Amino acid sequence: MKLNKYIITGLAVTALAAASCSDFDEIKPAGGTLVAAQVQETSAAITERATAAFGALYTQIGLPCSVFGTSQDRPDDWGILQAHFSNDLEGPDAWIPDINYNWFSACGQYTSRTPSYANPYVRYAAPYNLIAAVNDFVVQFPEDAEGEVKYMVAQAYALRAFAYWILVNDFQFGPTVAGDKPAVPIVTPQTIDTANNPRATVNEVYELMIGDLTYAIENLDGYERPNASYINVQAAKALRARLYLAQGEWQKAYDDAVAAADGFSPATIAEVSVPTFKDISEHNWIWGYDMTTENASIEPSATNSSWLRSFSGNAYAAAVDCYTRINSMLYNKIPDTDVRKGWWLDTKAYSPLLNTLTWDSASGQDIVGLEIEDTKVAMTPYVNVKFGCNSCGTILNDEDTPLVRVEEMILVQVECLAHLNKTDEAKTLLTNFVKTYRDPSYTIPSEDVRSFENEIWFQRRVELWGEGLSRYDLRRLDKPMVRFRNDASSTNFPAKFRFNMKHDDGYALMRFSQYETNTNFGIVDNEDGKLPEVDQNPELTDGVN
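Not measured: the values here are computed from a predicted model. (Residues numbered from 1 in each chain as written. Predicted model: local features only at pLDDT ≥ 70, side-chain atom pairs only at ≥ 80, totals over all residues. Heavy atoms only, no water.)

(A) Just the overall build of the protein, in detail. A tally of helices and strands in the protein yields 19 helices and six strands. Across the 545 residues that make up the protein, the buried fraction comes to 59%. Sequence separation of 24 or more characterises 73% of the internal contacts of the protein that already satisfy a separation of 6 or more. Surface exposure of the protein reaches about 20800 Å², of which carbon and sulfur atoms provide 49%. (Helix = DSSP H or I, 4+ residues; strand = E, 2+ residues; numbered from the N terminus. Buried < 20%, exposed > 50% of the residue type's maximum accessible area, 1.4 Å probe, protein only. Contact = heavy atoms within 4.5 Å. Areas by Shrake-Rupley, 256 points an atom, 1.4 Å probe, with all protein chains shown as cover.)

As structure tokens, this is what we get:
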């Protein structure tokens, strides 16, 4: 297929200088014709250059953007993984206490729309920095590259699609309701005026992303990746399944989800009966982020492990009670027979997942009530223990992060089958998944309790909690954001964060960072809506809460 190669403008402008290809251009054929030895030499030089730059594309997904300079790394800046975390905290199901140490209170209150704040700046900069890095990478190599170079270029395009997927979800509603609305800027290599580059529509961004992923799928055939931190055909199809799902392309999404899941099996009940989701080698990960000890040490407090995991001895979560908690409304709807109920502490601060754990070999104390000065405070009800550390009390923060799991692809298949009028098949698939891998007593609730469509969403909210998909689902399903019902007694959300938002509230959309609007005069910013007020819209329901 023909692929349009886009480069980004604004915050992370990519310079397409001729010097970027100088290594290749300076290999001149003797007498004007490449002999076999020279072809080999040229190929080797290209491969060497590609390999040297390729790993950095993946690495930066979880590294600080250093938005205010390298000497000012922040605990709330760890790249694209921070964007995932922020999106969950802007949803209905996850929260951190309203205390002075909570660097993400802007997400709880939705002051993350303030253009001069660091939080929205990171969430804008991180994807665009990855896009810029991808564009710098791919323009260095010929379109007919073969072998390992072809595979690297294909993965780069898949990464670019992943970055745009984050951005398009932040700045506009979903394609089924806002396809012709402005999303984010894109630019081709032919675009000259990068200082006056308007926002492309949602449909245009989706066209770009699907083109990138289709190119990746076509050019990754035969690629065998070293581990699940790299994108292969199945990972690329999983990412494309998400896009087709958002577009309502049910058959296409179903086909991609089936192909993506092939050969993978969900984590068993036994495997998720202890804190886990921490290692790239877990057999249910289709794609994940591999956090090395070296990269984690750049800014240990600016990591997923510092904020999302409750077992690090060098972290905001445990040290100052910034544990990430579940909304009690969602927790209360999880059956007691479901192993996932233990992914959070109950009202008595108990979970069976912790029965065999201690903080470290020296303490030998109950892990929940243990307090260590400047290291750990006692855990309280609803704290998440879903995500484990390589060892309790670790100071390394080098745990890996799942980006796509096979369980998600199974739930995508269920949703698509339901929309394809194959409800019986969908219910069988969902029942088999939950009964086998999560709750042996599971039966699909009656329509009086919850519609089947909302049951699928409920299963996604429980299964994928804390993995960055919460607010994306609100966009995709055109759902309101519901944190409480009727009054304060219905929820455990902090008072300042206790409000609901209608499905079409314009304040749900991110605002462009001040840096971008100061440098790209083609931007017309999102302006609808206003800062939510405490206890607003108490009557809203979402079909689950």
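(B) Expanded view of the nonpolar core. In this structure, Phe-137, Tyr-164, Ile-231, Trp-287 and Met-409 are the most contacted members of the largest nonpolar core, which totals 157 residues. It is helix H6 (residues 147-171) that provides the largest number of residues to this core, a total of 18 residues. (Core = buried A, V, L, I, M, F, W, Y, C linked by side-chain atoms within 4.5 Å.)

(C) Structural view of the environment of Ala-378. Position of Ala-378 relative to the elements: it lies in the loop between helix H14 (328-332) and strand E6 (401-405). For the pair Ala-378 and Ala-349, spaced 29 residues apart in sequence, the C-alpha separation works out to 9.6 Å. With residues up to four places along the chain from it excluded, the contact list for Ala-378 reads Tyr-323, Val-368, Gly-369, Leu-370 and Glu-371.

(D) Representation of the environment of Glu-425 in the model. Note that Glu-425 resides in helix H16 (residues 423-437). Given the relative accessible area of 41%, Glu-425 is considered partly exposed. Residues Glu-425 and Val-414 lie eleven residues apart in sequence; the distance between their C-alpha atoms is 8.1 Å. Excluding residues within four positions of it along the chain, Glu-425 makes contact with Tyr-254 and Leu-417.

(E) Region of interest: the packing of aromatic side chains. Taken as a whole, this structure holds 29 aromatic pairs when the rule is applied. Both rings, one in Trp-78 and one in Phe-85, keep their centres 5.6 Å apart while their planes meet at 40°; by these two values the pair is tilted. The lysine or arginine in question, Lys-376, covers the ring of Trp-359, its NZ or CZ lying 5.6 Å from the ring centre. Between the NZ or CZ atom of Lys-386 and the centre of the ring of Phe-277, over which it lies, the distance is 5.0 Å. (Phe/Tyr/Trp six-rings, centres within 6.5 Å; stacked < 30°, edge-to-face > 60°. Lys NZ or Arg CZ within 6 Å of the ring centre and 35° of its normal.)

(F) Spotlight on the pattern of salt bridges. Applying the stated criterion across every chain, the model contains 27 salt bridges. Among the ionic pairs, Asp-542 bridges to Arg-461, the shortest N-O distance being 3.1 Å. With Asp-542 in the segment after helix H19 (514-519) and Arg-461 in helix H17 (residues 452-463), the pair connects residues that are 81 residues apart, well separated along the chain. We note that Asp-542, like Arg-461, is buried. The closest approach of N and O atoms between Arg-476 and Asp-473, which form a salt bridge, is 3.3 Å. With Arg-476 and Asp-473 both in helix H18 (residues 470-477), this residue pair falls three residues apart, about one helical turn. Here the two residues Arg-476 and Asp-473 agree in accessibility, since each one is buried. One network of salt bridges, with partners in common, ties together Asp-338, Arg-340, Lys-386, Arg-405, Glu-407, Arg-438, Glu-463 and Glu-467. (Salt bridge = Lys/Arg side-chain N within 4 Å of Asp/Glu carboxyl O.)

(G) View of the packing of helix H10 (residues 250-261) against helix H15 (residues 406-419). The interhelical angle for the contact between H10 and H15, taken along N-to-C directions, is 150°, at an axis separation of 9 Å. With respect to each other, H10 and H15 are oriented roughly antiparallel. The handedness of the crossing between H10 and H15 is left-handed. Taken together, the residues of H15 that come into contact with H10 (itself represented by Trp-250, Ala-253, Tyr-254, Ala-257, Val-258, Ala-260 and Ala-261) are Val-406, Met-409, Val-412, Gln-413, Glu-415, Cys-416, Leu-417 and His-419. (Axes fitted to C-alpha atoms, helices over the stretch in contact; angles between N-to-C directions. Parallel < 35°, antiparallel > 145°, perpendicular 65-115°, else oblique. Left-handed = near helix turned anticlockwise from the far one by under 90°.)

(H) Quick look at the environment of Ala-259. Secondary-structure assignment places Ala-259 in helix H10. For the pair formed by Ala-259 and Ala-238, sequence separation is 21 residues and the distance between their alpha carbons is 8.1 Å. Not counting residues up to four positions away in its chain, the partners in contact with Ala-259 are Gln-234 and Lys-237.

(I) Representation of unusual backbone geometry within the structure. Positive phi, normally seen in glycine, also occurs at Ala-349, with a value near 60°. Along the chain, Ala-349 falls in the loop between H14 and E6. With a relative accessible area of 16%, Ala-349 lands in the buried category. Residues other than glycine seldom take positive phi values, yet Asn-537 does so here, at roughly 55°.

(J) Summary view of the side chain of Asp-346. Its place among the elements puts Asp-346 in the loop between H14 and E6. There is no salt bridge for the buried Asp-346, and the closest opposite charge comes from Lys-348, which lies 7.1 Å off by N-O distance. Reaching out from Asp-346, the side chain makes a polar contact with the backbone nitrogen of Lys-348 at a distance of 2.8 Å. Those residues in contact with Asp-346, other than ones at most four positions away along the chain, are Tyr-331, Pro-381 and Tyr-382. (Lys, Arg positive; Asp, Glu negative; His and termini not counted. Polar contact = N/O pair within 3.5 Å; in protein donor to acceptor, adjacent residues only side chain to side chain.)

(K) Broad picture of H18. When you tally the buried positions in H18, you get eight out of eight residues, the bulk of the element. Residues of H18 that are buried: Ser-470, Arg-471, Tyr-472, Asp-473, Leu-474, Arg-475, Arg-476 and Leu-477. Where H18 is buried, its residues contact helix H3 (79-89), helix H5 (118-138), H6, helix H9 (233-247), H15 and H17. One or two steps after H18, the chain reaches Asp-478, where phi turns positive at roughly 55°.

(L) Region of interest: the side chain of Ser-229. Within the secondary structure, Ser-229 sits in the loop between helix H8 (202-219) and H9. A distance of 2.5 Å separates the side chain of Ser-229 from the side chain of Asn-227, its partner in a polar contact. The residues contacting Ser-229, other than those within four sequence positions of it, are Tyr-58, Ile-280, Trp-287, Gly-288 and Asp-290.

(M) Looking closely at the confidence of the model for the protein. Scored by pLDDT, the protein comes out at a mean of 90, with 89% of its residues at no less than 70. Low pLDDT, under 50, characterises residues 1-41; the stretch is placed with 80 contacts to residues that sit more than four places away or in other chains. (pLDDT = per-residue confidence, 0-100.)

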